[in-house]
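What follows is the residue order along each chain.
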Amino acid sequence: MHIFICLVVLLQKTFEKKNVYNLNEEEDLTHYGHSLADIEKLNDIVDSDSDTEEKGILSEELTASHFGGLLYKKNPAEQQNEEDKNPKSRKELVEELIAKSKWEKRERRTQRENTLELTEKLNSDWKEIQAFLLQRTSKSETQNQVQEKPKPDEYDMLVRELGFEMKMQPSDRMKTEEELAKEDQEKLLQLEADRLRRMNGDEQTESRKKPKHMSADDLADGFLLHKDDRPLLSYSSDKDDEDGKGKEEDSENKESEEESGTETEASNNPSERDANEETIVGKMLSKGKRLIERRNAVKEAAQLELPYLFAAPESYEQLQSLMLGRTTEEQMHVIERIRKTNHPSLAVGNKAKLEKLFGFLLEYVGELARKEPPELKTVDKLVVILFELCQMFPKAASNHMKLLLQDATHSMEEIIEEKGLLAFPELDMLLYLKIITVLFPTSDFWHPVVTPSLVYMSQLLTKCAVRTEQDVVKGLLVCCLFLEYTSMSQRFVPELVNFLLGILHLAVPNNEVQGYTLLPPFASLRKHSNLLVVCEKSGTETWQKQNISLHILSRSKGKSKIEMNNLRLSCVALCLDLVKRCAVLYRELPSFHEITDPIRMLLSSFIPRSVKYPVQLQELYDTVLEKLDVCRQYDPLVCEKRKPVPLKLYTPKIVKLLEFGRKQGSSRLEQERKRLIHKHRRELKGAVREIRRDNQFLAKMQLAEIVDRDSERKRKVKQLFQNLAQQEGDWKATKRKKF
Amino acid sequence: CSLSSLPQILVSAPPQAEDQEIILCAIRTCSRLFGALLMRGELFAGKLPSEEESIQESCSAETKYKIWMRHRYNSCTNCLGELMGHKSFPVKETALGTLMKFTELEAKHPLVKNEWSFNFPRELLQVVVEGLIQTDQDSSLLISHFQEYMEQDDVRFFVMKAVAENLGSVMQKAKRAPFPIYQKNAFTLISSIIMPSEEGEIKNFLVKHANQEEWKVSKLKEHRRAFERMWLGFLKYKLPGSLYKKVLVILHDSILPHLNEPTLLMDFLTVAYDVGGAISLLALNGLFVLILQHNLEYPDFYTKLYSLLDPSIFHVKYRARFFRLLDMFLSSSHLPAYLVAAFAKRLSRLALTAPPDGLLIVIPFICNLLRRHPSCLVLIHKPNSLAEMSEDPYKMDEKEPLESKALESSLWEIKTLQKHYHPDVASAAAEINLPLSEMEQDLSETLELTAFEIFDRDIKKETKDVPLEYQQARGLFGKKDDIFAEYFSLE
């Protein structure tokens, strides 16, 4: 009984899944397929036919979709294409398909019946043996367990531990940048291909199925084993175990629910099946519709989705069109993808493309800043990209920046020649100046980009007229830039102090200048001299110290008085803050007093008397005055001693004469060539001489050896002769004795 | 008769586009007609009796005709003179051209029989000058067209005389309400006069006479006298500010050398020098010429010069000119050390507010001063004084250089400028760290340097590599301790 319930549950699961035409889950069916055999025995709850039939329909639909869909309309272009390929009429095709599927069905059914019969037989055989097996295994297991328990030996444990011990794995080589770029690009290529396909409306079918296992013996002849349908042979004992576990986990409630589920489904199934059999074509139609819907949805999604591959823009207009109507994040993605698809390691021309991209992005930043309101968030994100590009191509980036500065300065020069005073530049230029601080080190003594931009900013602070509050904010922004440029290197900027003095002067109601001189652009203010004076009390109460929004710079006028007053107060506060920073920055300079004297005079004598400022501002004002009051010692200057210059020695200048008696007038190269030839010849001669000497020496040595050997030989011969003579002498003497 | 109505057409024609053509035609007709009459001598010459008289008088019909014709001619020239104030430029130009043509013809065929043999139609030129110096509209374009006639020496001479007369009569009238436009036009005309510098150059005449050398027009001295009278007449009256500057700019160069007695301009220059500001700076140049070449004594010249030094000298248009003069005035090695020191110290104090282009002038300038006057080297080298001062002994507010205690001070300002943001300035200022070299620096190149040129120079400097920021960017305001993040927001 237990087994039975279990099986039912399992079956139900398979059914649930099958009812949904989910191809992906087909492997589940195979996984539990082994149960089908048992079910067959139990009065055939499952009708495999329904299963296969559905399958058949599905495959038909699928094939239909492969052909571009038969029963629904397609766009004419596509249709034409396909008709070119298959000249058969639609009707024929449908018939063919139906016939084919039916044939397949029949084939499969017979096959299955065969296997079922065989498994039945096998099962009955197995049952007989099973009883024995079960008993035995359980017994042996218990015995084993008893025996094994006292066993663990220390040595064994150690060995095992050592065996299992983590060993240092050889780590993979770090991927090089090119490889990474390549991978990135491949990934994007893949994604892009996907996206394009989806955009064109091709349903993904083949690839959605899990890749089929290909046997090594596969002949690729199109013969397929339908694994999915084939029930696995299995042992009920295994099943028992597995299911038992599952059941313990499942609650009782769920079981009952599932049971009821199966029942309803079982009742539903046959009718559905009938319907299927009766109106295949109709079903296909409706399914087709659904498919179209689904496809359209995907299509839309694909269109919304960003493309994965981007050609690098060739002109600024191209970039503009890429960016148009996209959110900030999408824009970032686009640029990121452009960068990846055009990584310099992938192709030769990519470097130039990305360098151009830098220029376009800069231009784009300008455009964003000129918008109303400026899209500063996007600019903020773009800066990071600019930075990265700049790191890749410093030279090109600096050239682009220089070009921008040059254009700005030249236009300024022209305007000045025409009018005299000019207006502050728009937000875009100010942002460029800010971006320079992000891209390049501003503390260098000389820098190809930073130094010109400093000169440019100095021009802004001395030549631009301050007529409105916006001008004041822009001017203060340039002051901030100056401070940022010079804060690291602690460099002195006279224009900055002048400008801050002028701004503070604007905040003082009475027009007389006492004890300090105003310089351009404040020298001739006339009607603007009270620009920052807060006339009414209305603003002062509501004022809070807060950051000034950059949007003010591009927003047209039309603000309430309170707002204006607030802005004025903010400007004064910012100005005071900057004065404070300057005071801290310049404290070490020898003429700190002389530099800050005008400001101190202005602050101490005018501001507190004239205006009632909010408390916060008053405090700030006090701290600024405090910072400005620094006692300094003046030490008289002393020159360093110059190193003694060595006396000039009148040694004759030696001119090397290369060759005597020859023409000296030829060119240097020629002379050099001749000299080398000469040298070569001499060297050659020398070498030959050396070789000859070596040979002579060798010959001498050889001769000496031979002479030695000869004399030796002669000596030996002599000796021999001596011996012989002696012998003969002896012999003669004995002979004489005999006689 | 149609002849009598011609001048009427000229005057009464309403100034409209199609009528402009009519006027032009009329002018041309007049030009041809009276030109031919003048050539043929068909105009009455000599003292002209009035029209009524001539009719009554008993003389030949021919004479009567000539007299009548002469009257027509006179009214025609008057009309042309008026037409020089016409709205459309072609009319003005044609009128001018016609009048000058008449002048030429009249000079050859004189209408006035006089005893002495040198004739010139001065009345006609008077009409032309009156037309050129208008009181109500800017006639600079017409004057530039008139330029070609003034290449002829006799024309120029008589124009100068006519201008002097015209100035006298008009400005007398305008005593209460000055005519700025008139003065401007007059200035345009008289400043465009190019005087000959030698007598030998005077040989280009409109009218040729038999004994040319005896004519006063060919005397340089006479030319100069006329020139002098004209300018003095012009400068006698109060000038508007911009014109004042313009006069001072060209004074030393194109006026003073051509005067018989340049000292006559002394009063004008001293007054200008006392005005203050840019006008004083400009008057310096003329004064300098007078002092140098004409022995002008100017009391407290250096004190005045010292007081001219204020922060604006770095921002005025005539900066280069001023520094060149200042260099010249301070070039004498006989100047007392205190004076030079005061100048050097004051300049260096002013340098604290100067833009980089000004600094590149003033720092080498100060160094040159110290080189020229070694006694001032204490300003940068004071080895033995141990006393530490709590403040700078130099008094900036003191008007007298002697009282300013400059010699007790040091050039801390230059030391400060060694920290200047611009590398060129910083290295220029660093020169005082070591004993100065013997050779003076050449200022002529830097004097004309503008900020834009500095910019161009910096940006065109070629570099091998561009140093980069190593801190990873995190956004526009993403730096560590970003000043912007503190004061500005992106929202």
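Computed from a predicted structure; not experimentally measured. (Residues numbered from 1 in each chain as written. Chains lettered and ligands numbered in written order. Predicted model: local features only at pLDDT ≥ 70, side-chain atom pairs only at ≥ 80, totals over all residues. Heavy atoms only, no water.)

Draft legend 1. Broad picture of a negative patch on the surface. A cluster of acidic residues, E619, D622, E626 and D629 of chain A, forms a negative patch on the protein surface. Mapped onto the secondary structure, E619 of chain A falls in helix 25 (residues 615–628). (Patch = residues over 30% accessible without salt bridge, like charges linked within 9 Å, V, L, I, M, F, W, Y side chains within 5 Å. Areas by Shrake-Rupley, 256 points an atom, 1.4 Å probe, with all protein chains shown as cover. Salt bridge = Lys/Arg side-chain N within 4 Å of Asp/Glu carboxyl O. Lys, Arg positive; Asp, Glu negative; His and termini not counted. Charge placed at Lys NZ, Arg CZ, Asp CG, Glu CD. Helix = DSSP H or I, 4+ residues; strand = E, 2+ residues; numbered from the N terminus.)

Draft legend 2. Examining the interface of chain B and chain A more closely. Chain B puts 76 residues into the contact, and the matching count from chain A is 87 residues. Across the chain B/chain A interface, buried area totals approximately 7400 Å², and carbon plus sulfur atoms make up 65% of it. Looking only at chain B, the three residues that lose the most surface to chain A are Y421, F452 and Y487 of chain B, adding up to 12% of its buried area. Our count for the contact surface shared by chain B and chain A stands at three salt bridges. E486 of chain B is paired through a salt bridge with R581 of chain A; the nearest N and O atoms lie 3.0 Å apart. Counting across the chain B and chain A interface gives 22 residue pairs in polar contact (both at pLDDT 80 or more). When contributions to the side of chain B that touches chain A are tallied by element, the ones reaching two or more residues are helix 18 (412–417), helix 19 (423–429), helix 21 (451–460), helix 22 (483–487) and strand 1 (488–489) of chain B. (Contact = heavy atoms within 4.5 Å. Buried area = accessible area lost by both parts, 1.4 Å probe. Polar contact = N/O pair within 3.5 Å; in protein donor to acceptor, adjacent residues only side chain to side chain.)

Draft legend 3. Expanded view of the confidence of the model for chain A. Residues and elements named next belong to chain A. Averaged over chain A, the pLDDT score is 75; the fraction of residues at 70 or greater is 64%. Least confident of the elements in chain A is helix 9 (residues 236–249), whose mean pLDDT is 43; most confident is helix 26 (residues 668–738), at 93. When the criterion is pLDDT under 50, residues 43–58 qualifies, and its contacts beyond four places in sequence or with other chains add up to 32 contacts. Throughout residues 203–211 the model reports pLDDT below 50, and contacts reaching past four residues in sequence, or to other chains, amount to 14 contacts. (pLDDT = per-residue confidence, 0-100.)

Draft legend 4. Region of the structure containing the packing of helix 8 (residues 153–173) of chain B against helix 10 (residues 220–235) of chain B. Residue and element names in this part refer to chain B. As a packed pair, helix 8 and helix 10 sit with axes 9 Å apart at the nearest point and diverge in direction by 30 degrees. Considered as vectors, helix 8 and helix 10 are oriented roughly parallel to each other. You can see that helix 8 and helix 10 cross each other, and the crossing is left-handed. Touching D153, R156, F157, M160, K161, V163, A164 and L167 of helix 8 are E222, H223, A226, F227, M230, G233 and F234, all from helix 10. By residue class, the composition of the contact of helix 8 with helix 10 is nine nonpolar, two polar and four charged. (Axes fitted to C-alpha atoms, helices over the stretch in contact; angles between N-to-C directions. Parallel < 35°, antiparallel > 145°, perpendicular 65-115°, else oblique. Left-handed = near helix turned anticlockwise from the far one by under 90°. Nonpolar A, V, L, I, M, F, W, Y, C, P; charged D, E, K, R; others polar.)

Draft legend 5. Layout of the side chain of T77 of chain B. All names here are of chain B. For T77, the position within the fold is in helix 4 (residues 61–83). Of the residues examined, T77 reaches a relative accessible area of 6% and is grouped as buried. With near-sequence residues (within four places) excluded, T77 lies in contact with L99, F102, L124 and V127. (Buried < 20%, exposed > 50% of the residue type's maximum accessible area, 1.4 Å probe, protein only.)

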